[in-house]
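An overview of the molecular structure
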Amino acid sequence: MLGAIIGDIVGSRFERKNYKATDFELFTDDCHFTDDTVMTVAVAKALLESDGDWDALDTNAVKYMQKFGRRYPNCGYGQMFWLWLRKRNPKPYNSLGNGSAMRVSPVAYTAKTLEQCLDLSDAVTKISHDHPQGVLGAQATAVATWAALHDWKKQEIKELIQDQFYDLNFTIDELRPNYRFDATCPGSVPQAIKAFLESKGFEDAIRLAVSIGGDSDTIAAITGGIAGAYYGIPDDLIVKAMEYLPEDLSNVVAEFGRTYCLK
C-alpha cells in the first residue's frame, strides 16, 4: 500500500505531461497525492473498521470512500466516480476504469489466502466498478500484490497473471513508443504489472511505470503497490512521501502499518 502511495505521488506530475524515460527526479514541488492515494487510504480504513468482519467490508468501503473523497474533492476523480462519491445511496455504474485497481493493494495485507484476497478485492470493487473488466483489473492487482508479499517468484506471479487475467507477452521497451493515455483496466493494469516484472528494485519499478506514459500516477500506483510488497521500500522514500500527505491520511497509513505489518 505504501508503494502505491509513493507511485501515485511520483507519477502525479507526469499524468498530463508524460516523460518516456527513467532519468527523472522522484520527488519535486510539482508532486502531489491524487485520488489514487485517497481511495487507497479509504480502502485501508474500511479494512481496519471491518476488523475481520468481512461481511461488512463493502458497506465500510462505501462509507470511507465517500468520507475521504468528499474531504478531498479535487484530486482527479473520474466524472462518474465523482458523482458516486456524492450520492446518498451510491450504486455501481458498470465501470471498467483503472480506479478499481489503483485502490485495492491494502487487501493483500489482510487476506490469509489467495482465494480470500479475491473475495476482499471483489468486496471493495463491485460497489462501484462492477464491469467484468473493472473487477478483473482489481483482482489481478490484488493477487499480484498478495503473491509478491508471500514471496512468490516473479515467474510464478507472471504465470498466475497470464493464466487467469492478462497476456503479458510484451516488453516495456516495445510498449513505450506508441503507448497513449488509457484509463481502463485492460489498457493500464497489464502494463503496470509488466513494469514490476521487469524491474530490478522498488525505485526502478516506479521509474519504469512512469516511463510508459499515459495515466502515469495510476500506472505507477499499481506498479508501486506490487513492487513494495515484493522488494520492500527504502525508508527514505517512505519518509519523503509522507511529507506530501495531510495528517488524517498519514494516520490511517500508520495505523494500517501497525495492524498489518505493512512493508
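The structure contained in this document is the topic of the report that follows.

Reading the values: the criteria
Residues numbered from 1 in each chain as written. Predicted model: local features only at pLDDT ≥ 70, side-chain atom pairs only at ≥ 80, totals over all residues. Heavy atoms only, no water. Axes fitted to C-alpha atoms, helices over the stretch in contact; angles between N-to-C directions. Helix = DSSP H or I, 4+ residues; strand = E, 2+ residues; numbered from the N terminus. Left-handed = near helix turned anticlockwise from the far one by under 90°. Contact = heavy atoms within 4.5 Å. Nonpolar A, V, L, I, M, F, W, Y, C, P; charged D, E, K, R; others polar. Core = buried A, V, L, I, M, F, W, Y, C linked by side-chain atoms within 4.5 Å. Buried < 20%, exposed > 50% of the residue type's maximum accessible area, 1.4 Å probe, protein only. Lys, Arg positive; Asp, Glu negative; His and termini not counted. Salt bridge = Lys/Arg side-chain N within 4 Å of Asp/Glu carboxyl O. Polar contact = N/O pair within 3.5 Å; in protein donor to acceptor, adjacent residues only side chain to side chain. Patch = residues over 30% accessible without salt bridge, like charges linked within 9 Å, V, L, I, M, F, W, Y side chains within 5 Å. Areas by Shrake-Rupley, 256 points an atom, 1.4 Å probe, with all protein chains shown as cover. Charge placed at Lys NZ, Arg CZ, Asp CG, Glu CD. Phe/Tyr/Trp six-rings, centres within 6.5 Å; stacked < 30°, edge-to-face > 60°. Lys NZ or Arg CZ within 6 Å of the ring centre and 35° of its normal. Parallel < 35°, antiparallel > 145°, perpendicular 65-115°, else oblique.

1. Details of the packing of helix α1 (residues 2–11) against helix α14 (residues 235–242)
For the pair α1 and α14, the least separation of the axes is 10 Å and the interaxial angle reads 60 degrees. Seen from above, α1 lies across α14 with left-handed handedness. Judged by residue contacts, L2, I5, I6 and I9 of α1 engage L237, I238, A241 and M242 from α14. Here the residues of the contact of α1 with α14 are counted per class, giving 8 nonpolar, no polar and no charged.

2. Quick notes on the nonpolar core
Counting 96 residues, the largest nonpolar core has I9, F27, V38, M65, V107, I161 and Y166 as its most contacted members. The element best represented in this core is helix α8 (residues 132–149), accounting for 10 residues. Setting aside anything within four residues of it in sequence, one finds M65 in contact with M39, A42, V43, R70, F81, W84, L85, R103, V124 and I127.

3. Some remarks on the side chain of D36
If you trace the backbone, D36 turns up in helix α2 (residues 35–50). With no salt bridge to any partner, buried D36 finds its closest opposite charge in R103, at an N-O distance of 10 Å. In terms of polar contacts, D36 uses its side chain to reach the side chain of T218, at 2.7 Å. Ignoring any residue separated from it by four or fewer positions in sequence, one finds D36 in contact with D8, M102, D217, T218 and A221.

4. Remarks on the pattern of salt bridges
Per the stated rule, a full pass over the model turns up 7 salt bridges. Between K240 and E243 there is a salt bridge, with its nearest N and O atoms 3.3 Å apart.

5. A closer look at a negative patch on the surface
On the surface, D51, D53, D55 and D58 cluster together into a negatively charged patch. Relative to the helices and strands, D58 resides in helix α3 (residues 57–71). Using a relative accessible area of 34% as the deciding quantity, one classes D58 as partly exposed.

6. Description of the environment of G3
Mapped onto the elements, G3 comes out in helix α1. Sequence separation between G3 and G225 is 222 residues, and the spatial gap between their C-alpha atoms is 4.4 Å. Once residues within four sequence positions are removed from consideration, G3 is found in contact with F202, I206, G224, G225 and I233.

7. Things to note about α1
Burial analysis of α1 places 10 of its 10 residues in the buried class, the great majority of the element. Those residues of α1 lying buried are L2, G3, A4, I5, I6, G7, D8, I9, V10 and G11.

8. A few points about the packing of aromatic side chains
Pairs of aromatic rings are described using the distance from one ring centre to the other and the angle between the two planes. According to the stated counting rule, one finds 14 aromatic pairs in the structure shown. Seen in terms of ring centroids, F81 and W84 are 5.1 Å apart; in terms of plane orientation they differ by 15 degrees. Their pairing is stacked. In this pair, F81 and W84 both sit in helix α4 (residues 79–86), 3 residues apart, roughly one turn of the helix. Look at F81 and you get buried, because its relative accessible area is 8%. Ring-pair connections join several aromatic residues into one group, and the members of that group are F14, Y19 and F24. One residue, R207, lies across the ring of F24, its end atom 5.0 Å from the ring centre.

9. A few points about unusual backbone geometry
Even without being glycine, N94 reaches a positive phi, approximately 60 degrees. Among the structural elements, N94 can be located in the loop between α4 and α5 (99–102). Judged by relative accessible area, N94 falls into the partly exposed class, the value being 48%. We note that D151 has phi near 65 degrees; this positive angle belongs to a residue other than glycine. In this structure, D151 sits in the loop between α8 and α9 (154–164). By relative accessible area, which is 65% here, D151 ends up exposed.

10. Some details on a nonpolar patch on the surface
Among the surface-exposed residues, M80, W82 and L83 lie close enough to one another that they form a single nonpolar patch of about 280 Å² accessible area. Here L83 lies in helix α4.

11. Observations concerning the packing of α2 against helix α15 (residues 247–260)
Taken N-terminus to C-terminus, the directions of α2 and α15 make an angle of 45 degrees; their axes are 9 Å apart at the nearest point. As the angle between them shows, α2 and α15 are arranged oblique. Along this stretch, α2 crosses α15, giving a crossing that reads as left-handed. Together, V38, V41, A44, K45, L47 and L48 of α2 and L249, V252, V253, E255, F256, T259 and Y260 of α15 make up the contact between the two elements. Residues of the contact of α2 with α15, tallied by class, amount to 10 nonpolar, 1 polar and 2 charged.

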